[in-house]
Amino acid sequence: MSLDAKSLGLRAEDLGRKTLTAALAELIAVMLFVFIGAGTVVVVLGAFPADPSADTLIAIAVAHGLAIAVLVSATASISGGHINPAVTFAMVITGNLKLGPGLVYVAAQLIGAVIGALLLQLVFQDNVEGQLGAHAINEALVDGTGAGLIVEIILTFVLVATVFGAAVNSKGLGAVAPIAIGFAVLIDHLVGVPLTGASMNPARSFGPALVAGEWDNFWIYVVGPLAGAGIAGLLYTHVFLKNDD
């Protein structure tokens, strides 16, 4: 395939009103996801700072999972309901989305994440906002940054494999696919929050990191999700779907 403006989606018609409308949907969805997801982290840790119990973990997992299910449902018919640069990356490298619109999506997602984190900073008192739900490796449990990277690759693989199986696959779940995607996020958080914070989403990590100034090991929350998403997308597209055909 030739790498020209048409194939890359860099023509005016590829970056026109439809793409911008979809990008706006992505911006709003990521903004709300950060506000709800990271906001839940701030709430539970701010309200119960001395008691980080299993209830805290469940609350964070449920908030992120249900938020994704709802927001994917709201945006699926507009933008495809990516709400995650890693999902967009997987869609681009598997040919489900052209590069030009994909770059616009990612820019919108990152901007939305920053707005969401700024809104959290505006809402919460300084003494409870903490790191605004920014992700970090739990060095008491995780054996170094390499292990943290593996965790993020695996968690994102689960998420993106679910996206492809439930939503991209023509034999998938159709209208109820957002529920499966939300459950993937939820179960990933149950194991991932105590380890790396369970990002799976560079935008979710980027917004709070930028606003709170928390950049420790941030590269893991970019490389891990992109690697996990890429592996899942390529495997599902070139092995599972082709075998099914």
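Residues numbered from 1 in each chain as written. Predicted model: local features only at pLDDT ≥ 70, side-chain atom pairs only at ≥ 80, totals over all residues. Heavy atoms only, no water.

1. Let's talk about the overall build of the chain
Across its full length, the chain carries 10 helices and zero strands. Mapped from its N terminus to its C terminus, the chain presents α and β elements in the order α-α-α-α-α-α-α-α-α-α. For a compact globule of 245 residues, the expected C-alpha radius of gyration is about 18 Å, and the chain comes in at 18 Å, within 12% of that figure. Considering only C-alpha atoms, the chain reaches an extent of 55 × 35 × 30 Å along its principal axes. Counting every position in the chain, which comprises 245 residues, the buried fraction comes to 47%. Across the chain, the fraction of contacts at a sequence separation of at least 24, relative to all contacts at a separation of at least 6, is 78%. Looking at charge distribution, the chain has the averaged site of its 8 positive side-chain charges lying 22 Å from that of its 16 negative ones. (Helix = DSSP H or I, 4+ residues; strand = E, 2+ residues; numbered from the N terminus. Rg over C-alpha atoms; globule rule 2.2 N^0.38 Å. Buried < 20%, exposed > 50% of the residue type's maximum accessible area, 1.4 Å probe, protein only. Contact = heavy atoms within 4.5 Å. Lys, Arg positive; Asp, Glu negative; His and termini not counted. Charge placed at Lys NZ, Arg CZ, Asp CG, Glu CD.)

2. Side note on the packing of helix H5 (residues 99-123) against helix H9 (residues 202-212)
The N-to-C vectors of H5 and H9 enclose an angle of 45 degrees; their axes lie 8 Å apart at closest approach. By the angle between their axes, H5 is oblique relative to H9. For the crossing formed where H5 meets H9, the hand is right-handed. Touching Gln109, Leu110, Ala113, Val114, Ala117, Leu118 and Gln121 of H5 are Ala203, Phe206, Gly207, Pro208, Leu210 and Val211, all from H9. (Axes fitted to C-alpha atoms, helices over the stretch in contact; angles between N-to-C directions. Parallel < 35°, antiparallel > 145°, perpendicular 65-115°, else oblique. Left-handed = near helix turned anticlockwise from the far one by under 90°.)

3. Topic: the nonpolar core
Nonpolar side chains tend toward joint burial in soluble globular proteins. Ile68, Ile83, Leu159 and Val160 are the most contacted members of the largest nonpolar core, which has 41 residues in total. Among the elements that take part in this core, helix H2 (residues 17-47) stands out by supplying seven residues, more than any other. Non-local contacts of Ile68, meaning those with residues more than four positions away in its chain, are made with Phe33, Ile83, Ile181, Gly182 and Val185. (Core = buried A, V, L, I, M, F, W, Y, C linked by side-chain atoms within 4.5 Å.)

4. A closer look at the packing of aromatic side chains
The relative placement of two aromatic rings is captured by the distance of their centres and the angle of their planes. All chains considered together, the criterion is met by five aromatic pairs. Between the aromatic rings of Phe206 and Phe218, the centroid separation amounts to 6.4 Å while the plane-to-plane angle is 55 degrees, which identifies the pairing as tilted. Pair noted here: Phe206 is in helix H9 and Phe218 is in the loop between H9 and helix H10 (220-244), with a separation of 12 residues, a long-range link. Its relative accessible area of 21% is what places Phe206 among the partly exposed residues. A ring pair is formed by Tyr236 and Phe240, whose centres lie 5.5 Å apart and whose planes are at 85 degrees; its orientation type is edge-to-face. Placement of the pair is Tyr236 and Phe240 together in helix H10, with a separation of four residues, close to one helical turn. Residue class for Tyr236 comes out buried when judged on its relative accessible area of 15%. (Phe/Tyr/Trp six-rings, centres within 6.5 Å; stacked < 30°, edge-to-face > 60°.)

5. Comments concerning the pattern of salt bridges
Opposite charge on two side chains allows them to pair when their charged atoms are near. This model, assessed by the stated rule, comprises two salt bridges. With a closest N to O distance of 3.1 Å, Arg11 and Asp14 form a salt bridge. For Lys98, the salt bridge is made with Asp14, and the minimal N-O distance between the two is 3.8 Å. On the criterion of sequence distance, the pair formed by Lys98 in the loop between helix H4 (85-93) and H5 and Asp14 in the loop between helix H1 (5-8) and H2 is long-range, its members being 84 residues apart. (Salt bridge = Lys/Arg side-chain N within 4 Å of Asp/Glu carboxyl O.)

6. Focus: a nonpolar patch on the surface
A surface patch of nonpolar side chains, amounting to about 830 Å² of accessible area, comprises Leu24, Ile28, Leu32, Phe35, Ile36, Ile111, Ile115, Leu119, Leu122 and Val123. Elements supplying a minimum of two residues to the nonpolar patch: H2 and H5. As for its placement among the helices and strands, Leu122 is situated in helix H5. You can call Leu122 exposed: its relative accessible area is 69%. (Patch = residues over 30% accessible without salt bridge, like charges linked within 9 Å, V, L, I, M, F, W, Y side chains within 5 Å. Areas by Shrake-Rupley, 256 points an atom, 1.4 Å probe, with all protein chains shown as cover.)

7. A word on empty space enclosed by the protein
Within this structure, the stated rule accounts for one cavity of 30 Å³ or more. As a volume, the largest cavity reaches approximately 30 Å³. (1 Å grid on protein atoms, 1.4 Å probe; cavity = no way out; pocket = protein on both sides within 12 Å on 5 of 7 lines; lining within 4 Å. Points joined across faces, edges and corners; volume = space filled by probe spheres on them.)

8. Let's talk about unusual backbone geometry
Here Ile83, not a glycine, exhibits a phi torsion of approximately 55 degrees, which is positive. Its location among the elements puts Ile83 in the loop between helix H3 (54-79) and H4. The class for Ile83 is buried, based on a relative accessible area of 0%. A positive phi is found at Leu132, a non-glycine position, where the angle reads about 60 degrees. Locating Leu132 in the fold gives a position in the loop between helix H6 (126-129) and helix H7 (144-168).

So yeah, pure geometry; function would need other evidence.
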